Amino acid sequence: ENVVSDADYTFVAKVDKVLGTVYKFPVCLEDKTVSMPYTKIRLKVVKNVKGKLKEGKYIEVLKAGGKEKKGSKYIVYDNDVVCIKGGTYLFSTYVQKDGSLLATGANSTIKTNKNYKDNVSYSKACSSKSKKLTKSRSRYKIKNSKVYM
């Protein structure tokens, strides 16, 4: 519920395509450099819960986590999932300074299906979308050129 309250946009979407992985925030550990993977995904918006994305349109989202730079392991936050092509998920996203959308952290992406309205997480998201959290953070505006495809 807190994730939805804090998010800029919460919506149900189907993964159309996994576009690739980018690596950010490199850190030197002993004799190697490690970076955090972020997976770029193209989604088809099915239903808005919070915010007004264009339903039926394709958007690009950067999802925290993904395949390691070297190797075959996936790095995923606790209580989060790896998105697969064709899967339907409930996303809670944050508009970044550049106007793009980021899904990050526990419960920012929850697996559902085409019968998402029967999902408990969807019901909870709908009931908590208008709640406000006491913590404040910078809010940015979405840039169509960064999101819509």
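Just so you know, these numbers come straight off a predicted model, no measurement behind them.

Draft legend 1. Molecular detail of the nonpolar core. The biggest cluster of nonpolar side chains holds 18 residues, and the ones touching the most others in it are Phe 11, Leu 43, Leu 53, Ile 59, Val 61, Phe 91 and Leu 101. Listed by contribution, the elements that provide at least two residues to this core are β1 (9-29), β2 (32-50), β3 (58-64), β6 (88-95) and β7 (101-103). Residues within four places of Leu 43 in sequence aside, it is in contact with Phe 11, Ala 13, Lys 14, Val 15, Asp 16, Lys 57, Tyr 58, Ile 59, Val 61 and Phe 91. With seven residues, the next largest nonpolar core counts Val 49, Tyr 116, Tyr 122 and Ala 125 among its residues.

Draft legend 2. Representation of the pattern of salt bridges. Under the criterion given, the structure shown has eight salt bridges. Note that Glu 60 and Lys 40 form a salt bridge whose closest N and O atoms lie 3.9 Å from each other. Highlighted residues: Glu 60 in strand β3 and Lys 40 in strand β2, separated in sequence by 20 residues. Overall, the relative accessible area of 32% leaves Lys 40 in the partly exposed class. Where salt bridges share partners, they join Asp 6, Asp 8, Arg 137 and Arg 139 into one cluster.

Draft legend 3. Structural view of the environment of Ala 106. Structurally, Ala 106 is set in the loop between β7 and β8 (109-112). Here Ala 106 falls in the partly exposed class, since its relative accessible area comes to 35%. Other than its neighbours up to four places away in sequence, Ala 106 contacts Val 3, Asp 78 and Asn 79.

Draft legend 4. Representation of helix α2 (residues 120-128). Considered for burial, the residues of α2 that qualify are Tyr 122, Ala 125 and Ser 128. Along α2, the residues classed as buried sweep out an arc of 140° about the axis, all on the same side. Buried residues along α2 sit against α1 (2-6), β1, β2 and β6.

Draft legend 5. Seen up close, the environment of Lys 85. You can see Lys 85 is positioned in the loop between β5 (74-75) and β6. The class for Lys 85 is exposed, based on a relative accessible area of 63%. Put simply, Lys 85 and Lys 17 are 68 residues apart on the chain and 5.5 Å apart in space, counted from C-alpha to C-alpha. Setting aside anything within four residues of it in sequence, one finds Lys 85 in contact with Val 15, Asp 16 and Val 18.

Draft legend 6. Representation of the packing of aromatic side chains within the structure. This structure, assessed with the given rule, holds four aromatic pairs. When the centroid spacing of 5.0 Å and the interplanar angle of 70° are considered together, the rings of Tyr 116 and Tyr 122 count as edge-to-face. Tyr 122 shares its class with Tyr 116; the two are buried. Taken together, the aromatic side chains of Phe 11, Tyr 89 and Phe 91 make up a single cluster linked through ring pairs. Sitting over the face of the ring of Tyr 58, Arg 42 holds its NZ or CZ atom 5.9 Å from the ring centroid. One cation-aromatic arrangement involves Lys 111 over Tyr 89; the distance from NZ or CZ to the ring centre is 5.1 Å.

Definitions and cut-offs
- Residues numbered from 1 in each chain as written.
- Predicted model: local features only at pLDDT ≥ 70, side-chain atom pairs only at ≥ 80, totals over all residues.
- Heavy atoms only, no water.
- Core = buried A, V, L, I, M, F, W, Y, C linked by side-chain atoms within 4.5 Å.
- Buried < 20%, exposed > 50% of the residue type's maximum accessible area, 1.4 Å probe, protein only.
- Helix = DSSP H or I, 4+ residues; strand = E, 2+ residues; numbered from the N terminus.
- Contact = heavy atoms within 4.5 Å.
- Salt bridge = Lys/Arg side-chain N within 4 Å of Asp/Glu carboxyl O.
- Arc of directions from axis to C-beta.
- Phe/Tyr/Trp six-rings, centres within 6.5 Å; stacked < 30°, edge-to-face > 60°.
- Lys NZ or Arg CZ within 6 Å of the ring centre and 35° of its normal.

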